[in-house]
Amino acid sequence: MRAKPSRVLAAGERVVVEVPDSLAPSAHPEPLPIKLLYDDADLCVVDKPAGMATHPAPGSARGTLVNALLAALGPLPSINGALRPGIVHRLDKGTSGLLVVAKSERAMRALSAAIAARRIEREYDAVVWDAPPQRRATIDAPIGRDPASPTRFVVRADGRRAVTRYRVVENFFFGAAALLALELETGRTHQIRVHAAAIGHPIVGDPTYGAGRPKLGMKRQALHAARLRFDHPVTGQAMTFSSPWPSDFEALVARLRAGRIE
């Protein structure tokens, strides 16, 4: 008999707990809408929406970009594990914007090597709190897991080297916030978010690294992978892509330009 949560146990009664099987993440096709900006036999470029995880993982077993890609494109190569077919770089679930995806083995290996050699240029737009005093700067600070939380990362001396370059594009309301363009030299987990918070300019809406700051209507971090540049791994053709701001990001910028920071 299944007991109600309000049941008060009597002396001598025995409680039996049945633990259901865990739902292991899997990479199966799911017919989900995705936006392909470019597609050929070797690769595609996709504009990922905020709220969609890049690949299956604990907490995001279904509904990921990988699930959608497998449904739209068929089988994809993988050298990074069964849950990451086609994936050579990733975006956080709450980050929107551009990703290049490998569709052939030769493209997968070439693109992975290009990422490692820093030959793929990835530029992001972000809205941060408090305008940085320098118009351009490089953040060179190692990143590792936060000992106090397994899901957070922090700047720490024994972390992996992480380098982010930024420039201030626009200041809002006398420097209360700013629009930055940022480039990754390395690609650590949460890198831009951790670096921005570490220098005292957390990203607006960031649920992990912007605690205590107003959300300004954002339900995720105001971070968008806006521009992507690389040479095609097979043809050598220079490829350049851009993604317009999503509606929530655009509304945030409009709000700040109007001086509304409450």
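See the structure printed just above.
Residues numbered from 1 in each chain as written. Predicted model: local features only at pLDDT ≥ 70, side-chain atom pairs only at ≥ 80, totals over all residues. Heavy atoms only, no water.

(A) Local environment of the overall build of the protein. Within the protein, the regular secondary structure consists of four helices and eleven strands. In terms of overall dimensions, the protein has a C-alpha envelope of 70 × 50 × 40 Å along the principal axes. A fraction of 65% describes how many contacts in the protein between residues 6 or more apart in sequence connect residues 24 or more apart. The average position of the 36 basic charges and that of the 25 acidic charges among the side chains of the protein differ by 3 Å. (Helix = DSSP H or I, 4+ residues; strand = E, 2+ residues; numbered from the N terminus. Contact = heavy atoms within 4.5 Å. Lys, Arg positive; Asp, Glu negative; His and termini not counted. Charge placed at Lys NZ, Arg CZ, Asp CG, Glu CD.)

(B) Focus on the nonpolar core. Judged by nonpolar contacts, the single largest core of 43 residues is most densely connected at Val-127, Ile-203, Val-204, Ala-222 and Leu-252. Beyond its immediate sequence surroundings of up to four residues, Ala-222 is in contact with Asp-125, Ala-126, Val-127, Ile-203, Val-204, Phe-249 and Leu-252. Core analysis: the next-biggest nonpolar cluster, separate from the first, contains 16 residues, Leu-43, Val-45, Ala-102 and Phe-230 among them. (Core = buried A, V, L, I, M, F, W, Y, C linked by side-chain atoms within 4.5 Å. Buried < 20%, exposed > 50% of the residue type's maximum accessible area, 1.4 Å probe, protein only.)

(C) Molecular detail of helix H4 (residues 247-257). Phe-249, Leu-252, Val-253, Arg-255 and Leu-256 are the residues of H4 that are buried. For H4, the arc enclosing every buried residue in end-on projection is 160°, short of the 170-degree limit, so these residues lie on one face. Opposite the packed face of H4, turned more than 90 degrees from it, sit the exposed residues Ser-247 and Arg-257. Each element contacted by the buried residues of H4 is listed here: strand S4 (121-129), strand S8 (163-172), strand S9 (177-184) and strand S10 (223-231). Looking at the residues trailing H4, positive phi occurs at Gly-259, about 80°. (Arc of directions from axis to C-beta.)

(D) How the structure looks around a nonpolar patch on the surface. Residues Leu-9, Val-15 and Val-17 make up a contiguous nonpolar surface patch of about 310 Å² in total accessible area. With respect to the element layout, Val-17 can be found in the segment before strand S1 (35-39). You can call Val-17 exposed: its relative accessible area is 65%. (Patch = residues over 30% accessible without salt bridge, like charges linked within 9 Å, V, L, I, M, F, W, Y side chains within 5 Å. Areas by Shrake-Rupley, 256 points an atom, 1.4 Å probe, with all protein chains shown as cover. Salt bridge = Lys/Arg side-chain N within 4 Å of Asp/Glu carboxyl O.)

(E) Highlighting the packing of aromatic side chains. Evaluated as defined, the whole model comprises four aromatic pairs. On the basis of an interplanar angle of 65° and a centroid distance of 5.6 Å, the ring pair of Phe-173 and Phe-174 is categorised as edge-to-face. For Phe-173, a relative accessible area of 41% corresponds to the partly exposed category. Measuring from ring centre to ring centre gives 6.1 Å for Phe-230 and Phe-241, while their planes differ by 25°; the resulting arrangement is stacked. Taken together, the positions of Phe-230 in strand S10 and Phe-241 in strand S11 (residues 238-242) put the pair eleven residues apart, joining distant regions of the chain. (Phe/Tyr/Trp six-rings, centres within 6.5 Å; stacked < 30°, edge-to-face > 60°.)

(F) Summary view of the pairing of S1. As paired elements, S1 and strand S2 (residues 43-48) share four bridges and run antiparallel to each other. Among the inter-strand pairings, Asp-39 is bridged to a residue of S2, identified as Cys-44. Counting the residues in the hairpin turn of S1 and S2 gives three residues. (Pairing = 2+ DSSP bridges.)

(G) Inspection of the side chain of Asp-206 at higher detail. The residue Asp-206 is located in the loop between helix H3 (191-198) and S10 in this model. On the basis of relative accessible area, Asp-206 is assigned to the buried category, the value being 1%. A polar atom in the side chain of Asp-206 sits 2.8 Å from the side chain of Arg-193. Within the local environment of Asp-206, its side chain forms a polar contact with the backbone nitrogen of Thr-208, the two atoms lying 2.9 Å apart. (Polar contact = N/O pair within 3.5 Å; in protein donor to acceptor, adjacent residues only side chain to side chain.)

(H) View of helix H1 (residues 65-73). All of the buried residues along H1 are Leu-65, Val-66, Asn-67, Ala-68, Leu-69 and Leu-70. Residues of H1 that are buried make contact with S1, S2 and strand S3 (96-102). Of the residues that open H1, the one with a side-chain oxygen 3.3 Å from the backbone nitrogen of Val-66 is Thr-64. Positive backbone phi, at 90°, marks Gly-74, one or two positions downstream of H1.

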